[in-house]
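The primary structure of each chain is shown beneath.
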Amino acid sequence: MDATGFRRLWDEIAGVGRAESGGYLRFSWSESDLALRGWFDAQAAARGLRTETDRNGNRYAWWDAGTGPAVLTGSHFDAVPHGGAYDGPLGIVAAFLAVDELRAEGFEPARPIVIGAFTEEEGGRFGVPCLGTRLMAGVVDPDRARALTDPGGTTLADAMRAAGADPDALGPDPERLASIAAFVELHVEQGRNLDAPVGVASAIWPHGRWRMTFTGAADHAGTTRLPDRRDPMLTFAFAVLAARKEARRAGGLATVGRVEAVPNATNAIASQVTAWLDSRAPDEAVLAEILGGVTAKVAERAERDGTRFAIAPESETPIVEFDASLRDRLAALLGGVPVLPTGAGHDAGVLAAHVPTAMLFVRNPTGVSHAPGEGASDEDCAAGVDALAAVLRDLAC
């Protein structure tokens, strides 16, 4: 595939959901998401691929060829708030172009090939990452999912109904999982760890999200003496620093990137602060060490501040080791490309517990991700299309 061919198709979605920041506002079941789903259907129709939506809102385009379980590829359209262009959509655009490449060379699959567009992978609207695949795999309760709310108070159930989908159908889908022979997700690499155009993933670090609640007492900013204050913002500030310190000491990662204060007034002491901790580590022991250290130190600080502290998990994902035989097979097929782990979560990490799964990475020259500066060259993306076509050819023949 040449870079011009990649750019031509890529530009068709480049403007959808783009914000003034240069990043993207592509939330699941939003207007931009529905526009991208429409683009997906149009691409499928132009290639004679059969489309369907599963019970959890994931969209598919089937190349109905051969017999037996299918080879699945694809990724997601949704983005974190003001996120980059390539995280997710690259895997879907590359999948359509890989099908084009296979057809151009006259390839006849011995089993079906299907392109998937998974919903709410980032958790940017309803807070639970990889929600579409987690529901499929039965690891998220459907009632809990239907009740999830976005920052504006809209529930997932209401958002789905407004988009013409049926939230009552949400739930495990073992028959669909059984119809998949293998899943290969192509994705932009989300760091500066890949020094070749294309690489293969070895594993995903264990990671999770925890909601931290700090409770104090609201009061006047101009009349309440410092010794009389029970200010949860102080405990929150300590928690941010403690998370960084514990992650650095243990050898993992910790981030607090979202916070809400009540009453959120400039001239009032907050009564409550809610913040979200994201932590990742090379193994579960290190992750537990970070979480335990943060919890103990912040609880101690809360006593000194006269506040209350609570922490609760919103999502937890153990380490994912991708299928070793499939990983090694693809690395050899692609000429011995680099094999590397990642600290980023993916739908591939959810499906890996149920079907043989692998990931291909496309080089990210800046290492920036989840931000407007995320990128990849057209040449490397075209190399990714070629690699994905080779993998699909190998797995579907």
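Our structure is the block above this text.
Quick caveat: nothing in here was measured; it's all calculated off a predicted structure.

As a further point, take the pattern of salt bridges. Counted by the stated rule, this structure contains 24 salt bridges. In this structure, Arg-59 engages Asp-41 in a salt bridge whose closest nitrogen and oxygen atoms are separated by 2.9 Å. Here Arg-59, found in strand β2 (residues 59–63), pairs with Asp-41, found in helix α2 (residues 31–46); they are 18 residues apart in sequence, far enough to count as distant. Between Arg-393 and Glu-105 there is a salt bridge, with the nearest N and O atoms lying 2.6 Å from each other. A residue pair is termed long-range when its members are at least 10 positions apart, and Arg-393 in helix α12 (residues 378–396) and Glu-105 in the loop between α3 (89–104) and β4 (113–118) qualify at 288 residues. For Arg-393, a relative accessible area of 26% translates into the label partly exposed. With relative accessibility at 43%, the residue Glu-105 sits in the partly exposed group. Via salt bridges that share partners, Glu-52, Asp-54, Asp-173 and Arg-176 belong to a single interconnected network.

This part covers unusual backbone geometry. Residues Val-262 and Pro-263 are joined by a peptide bond in cis, for which omega reads 5°. Summarising the element assignment, Pro-263 is placed in the loop between β9 (253–262) and β10 (268–269). Residue Trp-29 is not a glycine yet carries a positive backbone phi of 65°. Tracing the sequence through the fold places Trp-29 in the loop between α1 (3–10) and α2. Using a relative accessible area of 9% as the deciding quantity, one classes Trp-29 as buried. Backbone geometry places His-370, a non-glycine residue, at a positive phi of 55°.

Attention now moves to the packing of aromatic side chains. Counted under the stated rule, the structure contains 10 aromatic pairs. Ring geometry for Phe-40 versus Phe-96: centroids 5.3 Å apart, planes at 65°, classification edge-to-face. Residue Phe-40 is found in helix α2, and its partner Phe-96 is found in helix α3; the two are separated by 56 residues along the sequence. Counting every residue linked through ring pairs, the aromatic cluster contains Trp-39, Phe-40, Phe-77 and Phe-96. The ring of Trp-63 carries Arg-103 above its face, with NZ or CZ at 4.7 Å from the centroid. One cation-aromatic arrangement involves Arg-258 over Trp-276; the distance from NZ or CZ to the ring centre is 3.7 Å.

The rules we used
Residue numbering note: each chain is counted from 1, following its sequence as written. With the structure being a predicted model, the display of local features is reserved for residues of pLDDT at least 70 and the display and counting of side-chain atom pairs for 80 or more, all residues being used for whole-chain, interface and lining totals. Working from all heavy atoms in the structure, the side-chain values ignore hydrogens and water. Salt bridge, as applied in this entry: a Lys or Arg side-chain nitrogen positioned within 4 Å of an Asp or Glu carboxyl oxygen. Secondary structure is summarised from DSSP: a helix means a run of H or I of at least four residues, a strand means a run of E of at least two, and numbering begins at the N terminus for each. A simple rule labels every residue: compare its accessible area, found with a 1.4 Å probe on the protein chains alone, to the largest value its type can have, and call it buried under 20%, exposed over 50%, or partly exposed in between. Centre distance within 6.5 Å is the pairing criterion for rings of Phe, Tyr and Trp, where only the six-membered ring of Trp is used; planes under 30 degrees apart are then read as stacked, over 60 as edge-to-face, and the remainder as tilted. As a reminder, the over-ring test applies to NZ of lysine and CZ of arginine, requiring each to be within 6 Å of the ring centre and within 35 degrees of the ring normal.

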